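Chains, contacts and geometry: an overview
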Amino acid sequence: MSATVLDIESLSKPRFDWTPEEAFRVYRAPFNDLLFASQSVHRQHHAANAVQKSQLLSIKTGGCAEDCGYCSQSAFHETGLKASKLMPVADVLDKARKAKAGGATRFCMGAAWRSLKDRDVDAVCEMIEGVKSEGLETCVTLGMLEDGQAERLKAAGLDYYNHNLDTSREYYNSVITTRTYEDRLDTLARVRGAGLHICCGGILGMGESEDDRIGLLVELARLSPHPESVPINHLVAVEGTPLGHAQPLDGFDFVRAIAAARLMMPRSVVRLSAGREGMSRELQALCFLAGANSIFVGEELLTTPNPDLEQDGALMRDLGLEPMAAPSAPAE
């Protein structure tokens, strides 16, 4: 791999020993070379114009004991968000049916918890079983897990567990102090050990450096196997949080991150996640060209805005994109 030409043949093969220097050469390649390579590799492993649609529901909102600087749901921040109890199972399943009717094939459930408590496992498992019975893929994000909990979620029919690394090791403590990087990796190990698929990515635009963005991608690409789903979020700045006045990341740098994720984790589904509400149609189109092939649909992502179904439908029609068919459940 040279500084100006990316070796598409070698990049098409997954590897798990990326160095920051190698990742920098990918991330900083000439823009046209980078997008040509990422689109070429994308087509080797994925349908060129298929986009997976997922929908995300907050099943327990606010009052979280973590101090994540980006999060409106942290009990440490004054955002005006009121804490709620865990949603009734019937209400969650009603939302899942509506998500399916709107075209979603995966239903993701998030709870504002530091960690999953045993007292809530039965209710969450009932939600998973119900969503699965609707013919949807299931995903949850519930914070840290203890031994045995991932196995219970797997037995209920869970397909994916979301647990993001958020940023690089070096920048992490500038954003979060109540949970360590190793805590996150430990939870990912429990998830993988239970035979679940992993949804793991990060958030860009939190004031991090370019080296930090590259560092996050290296951490993700060193996980073996790679996360099956890699959400790349752009910070949605929420007033009342420490990052409420963060400046948006340059659009080209965001596209570079999408393309580098595609090249460093060629078989993963790369999700263009939070922050699309603030992106132009053209910027989103560049992200799809760079290799993003999943989005969240619905007007809200937990507590932040998202484009509505009509907007997304028009964008996909104009770009000639088609919804990805619901894949079969991950193998046992």
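In what follows, the structure referred to is the one given above.
Once a new chain begins, its residue numbering starts again from 1 and follows that chain's sequence as written. Note on the predicted model: pLDDT of at least 70 is required for a residue's local features to be given, and 80 or more for side-chain atom pairs to be given and counted; whole-chain, interface and lining totals, by contrast, use all residues. The side-chain numbers reported here are obtained from all heavy atoms of the structure, hydrogens and water having been left aside.

**Focus on helix α10 (residues 251-264)**
Under the convention used in this document: Only DSSP runs of H or I with at least four residues qualify as helices, and only runs of E with at least two residues qualify as strands; both kinds are numbered from the N terminus onward. Each residue after the first adds 1.5 Å to the expected span of a helix. Think of it in three bands: residues with accessible area under 20% of the maximum for their type are buried, residues over 50% are exposed, and the middle band is partly exposed, with areas taken using a 1.4 Å probe on protein chains only. Polar contact criterion, stated in full: a pair of N or O atoms within 3.5 Å, where within protein one must be able to donate a hydrogen and the other to accept it, and residues adjacent in sequence count only if both atoms are side-chain atoms.
Here α10 is 14 residues long and its end C-alpha atoms lie 20 Å apart, about the 20 Å a rise of 1.5 Å per residue gives. Within α10, 12 of the 14 residues are buried, which leaves it mostly tucked inside the rest of the structure. Those residues of α10 lying buried are Asp253, Phe254, Val255, Arg256, Ala257, Ile258, Ala259, Ala260, Ala261, Arg262, Leu263 and Met264. A distance of 3.0 Å separates the backbone nitrogen of phenylalanine 252 from a side-chain oxygen at the start of α10, and that oxygen is part of aspartate 250.

**Remarks on the pairing of strand β1 (residues 50-60)**
Cut-off, in case you're wondering: We call two strands paired when DSSP finds no fewer than two bridges between them.
Most of β1 sits inside the fold, with 10 of its 11 residues counted as buried. In terms of strand pairing, β1 meets strand β12 (residues 322-323) through two bridges, oriented parallel. Looking across to β12, one finds that valine 51 is bridged to proline 323. Of the strand pairs in this sheet, β1 and strand β9 (residues 294-297) are connected by four bridges, and their pairing is parallel. Bridging across to β9, glutamine 55 finds its partner in valine 297. In terms of strand pairing, β1 meets strand β2 (residues 106-111) through six bridges, oriented parallel. Following the sheet pairing, serine 54 is matched in β2 by arginine 106.

Note that all results are geometric; they support no functional claim without further evidence.
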